[in-house]
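Single-letter residue listing:
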Amino acid sequence: MELHVTRWKRYGHDRLYANLSDGTAVGWADVKTGDIVVLRTDYRDEVIAVLTQHLQSFTEPVPPDRAPETKARPVLPPLTSADDLAINHPGRSLRELLDTSGPGLVERAVARLLRRPTEWDSWQKGLAGERRVGAELNRLSRHGWHVLHSIPLADKVDVDHLLIGPGGVFSINTKHHHKKAVWVGDDAVKVDHGKPAPYARKSRAEAKRVVRVLERYCAFPVPVDPVLVFVGVTDLKVVATQLTVRVYREREVAALAPLSGVLTAEQVEQVYGVARHREAWRQA
């Protein structure tokens, strides 16, 4: 059995992966430490042999009497309807917030008379934005993509949308700025030349958070790209140096549909199986 070795460097990791011909990872080695992790015990001897050979190009030879430890990955419990995030509608978290919190009817009426915006208004606008973007993303299912909405995280925040398919995984953050002009810089965003908001920096941090969750349960690298989608804007400008966060208007997310070559069909299903399970995100 011939294994193919590929190098993967991302998010501070530097690894060599031993893969089957279909791209399935059966083991990996840390280039910095020389540690070897066997993911499929039925390929243990082949994994150790091929990775030890390749490690010699980067580190000191691995002693023949060094027995690499097989690290067991956590296993999620059987999926139940109560834990299935695939049933979430776009904006579910905001809808629940509107139903249980926010200013009362009288306070909202007074705020409208005084033309004073409330937190409730912001949630309403956010909900409308997530629903519009969610509708656009749901159309990508015909191209082999899975979409999840309102993924709850441990600190009472959520991932607006998660898109999973042959082109990888995309962590999507929706921003609704009706009839506003938006400028996107390397780390911050300005709306109508206002105070900078850290949208881009937070999107990157969210994507890294998603990577940690998915790779905890998947035996292969799971690249996650951050995406900012703006709803209702009159103008959208992105600086040329902004290369780490994808930026779209709501109707432009269809540009993700033809992307491919990142995950195999089997890997897409494995990632989706993890991502839709509420238990995977409880301590994220």
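Before any of the text, the structure's been laid out above.
Being a predicted model, the structure only gives us computed values, none of them experimental.

Caption draft 1: Region of the structure containing the overall build of the protein chain. Counting secondary structure elements, the protein chain contains six helices and twelve strands. Here the protein chain holds 284 residues, and the buried ones make up 46% of them. Across the protein chain, every contact between residues at least 6 apart in sequence was considered, and the portion connecting residues at least 24 apart equals 58%. Counting only carbon and sulfur atoms, one obtains 51% of the accessible surface of the protein chain, whose full area is about 15,200 Å².

Caption draft 2: Spatial organisation of the sheet that holds strand E4 (residues 36-38). Taken together, four strands build an open sheet; the order of strands is E1-E2-E3-E4 and the sheet is antiparallel. A strand with exactly one partner marks an edge of an open sheet, and here the two such strands are strand E1 (4-10) and E4. Each adjacent strand pair in this sheet contributes to an overall mean axis angle of 25°, direction not counted. Relative to E4, strand E3 (residues 25-30) runs antiparallel, the two sharing three bridges. Counterpart to Gly27 in the pairing with E4 is Val38. Helix H1 (residues 44-55) contacts E1, strand E2 (13-19), E3 and E4 of the sheet and is inclined by roughly 155° relative to E4.

Caption draft 3: Spotlight on the side chain of Thr24. Of note, Thr24 is situated in the loop between E2 and E3. Residue contacts for Thr24: discarding those within four places in its chain leaves Ala18, Asn19, Arg40 and Glu266.

Caption draft 4: How the structure looks around the sheet that holds strand E12 (residues 246-249). Pairing is mixed across the open sheet formed by five strands, whose spatial order is E5-E6-E7-E10-E12. Each edge of the sheet is formed by a strand with only one pairing partner; in this case those strands are strand E5 (146-152) and E12. Across the sheet, the axes of successive neighbouring strands diverge by a mean angle of 30°, strand direction being ignored. In the sheet, strand E10 (residues 224-231) pairs with E12 via four bridges, with the strands oriented parallel. Each bridged residue has a counterpart across the sheet, and for Val227 the counterpart in E12 is Arg246. Contacts from helix H5 (residues 199-217) reach strand E6 (158-165), strand E7 (168-176) and E10, with the element oriented near 140° to E10.

Caption draft 5: Quick look at unusual backbone geometry. In this structure, Lys156 takes a positive phi of about 60° despite not being glycine. Positive phi is not limited to glycine here, since His193 has a value of about 60°. Within the fold, His193 resides in the loop between strand E9 (189-191) and H5. Classification of His193 as exposed rests on a relative accessible area of 80%.

Caption draft 6: Region of interest: the environment of Gln56. Mapped onto the fold, Gln56 is located in the loop between H1 and helix H2 (92-100). Residue class for Gln56 comes out partly exposed when judged on its relative accessible area of 47%. As for Gln56 and Val31, which are separated by 25 residues in sequence, their C-alpha atoms are 9.6 Å apart.

Caption draft 7: Representation of the pattern of salt bridges within the structure. For the coordinates displayed, the defined rule picks out 13 salt bridges. Its salt-bridge partner being Glu136, residue Arg251 comes within 2.9 Å of it at the nearest N-O pair. On the criterion of sequence distance, the pair formed by Arg251 in the loop between E12 and helix H6 (265-275) and Glu136 in helix H4 (residues 119-138) is long-range, its members being 115 residues apart. Given a relative accessible area of 65%, Arg251 falls into the exposed group. Of the residues examined, Glu136 reaches a relative accessible area of 12% and is grouped as buried. Lys237 is the partner of Asp235 in a salt bridge, and the nearest nitrogen-oxygen pair spans 2.6 Å. Among the residues examined, Lys237 registers a relative accessible area of 48% and is labelled partly exposed.

Caption draft 8: A look at the packing of aromatic side chains. Going through the model one piece at a time under the given rule, you end up with three aromatic pairs. With centroids separated by 6.4 Å and ring planes inclined at 90°, the aromatic side chains of Trp8 and Tyr17 adopt a geometry described as edge-to-face. Residue classification places Trp8 among the buried residues on the basis of a relative accessible area of 13%. You can call Tyr17 buried: its relative accessible area is 2%. With a centroid separation of 6.3 Å and an interplanar angle of 35°, the aromatic rings of Tyr17 and Trp28 are classed as tilted. Here Tyr17, found in strand E2, pairs with Trp28, found in strand E3; they are eleven residues apart in sequence, far enough to count as distant.

Conventions used here
Residues numbered from 1 in each chain as written. Predicted model: local features only at pLDDT ≥ 70, side-chain atom pairs only at ≥ 80, totals over all residues. Heavy atoms only, no water. Helix = DSSP H or I, 4+ residues; strand = E, 2+ residues; numbered from the N terminus. Buried < 20%, exposed > 50% of the residue type's maximum accessible area, 1.4 Å probe, protein only. Contact = heavy atoms within 4.5 Å. Areas by Shrake-Rupley, 256 points an atom, 1.4 Å probe, with all protein chains shown as cover. Pairing = 2+ DSSP bridges. Axes fitted to C-alpha atoms, helices over the stretch in contact; angles between N-to-C directions. Salt bridge = Lys/Arg side-chain N within 4 Å of Asp/Glu carboxyl O. Phe/Tyr/Trp six-rings, centres within 6.5 Å; stacked < 30°, edge-to-face > 60°.

Any functional reading would require information beyond the geometric quantities listed.
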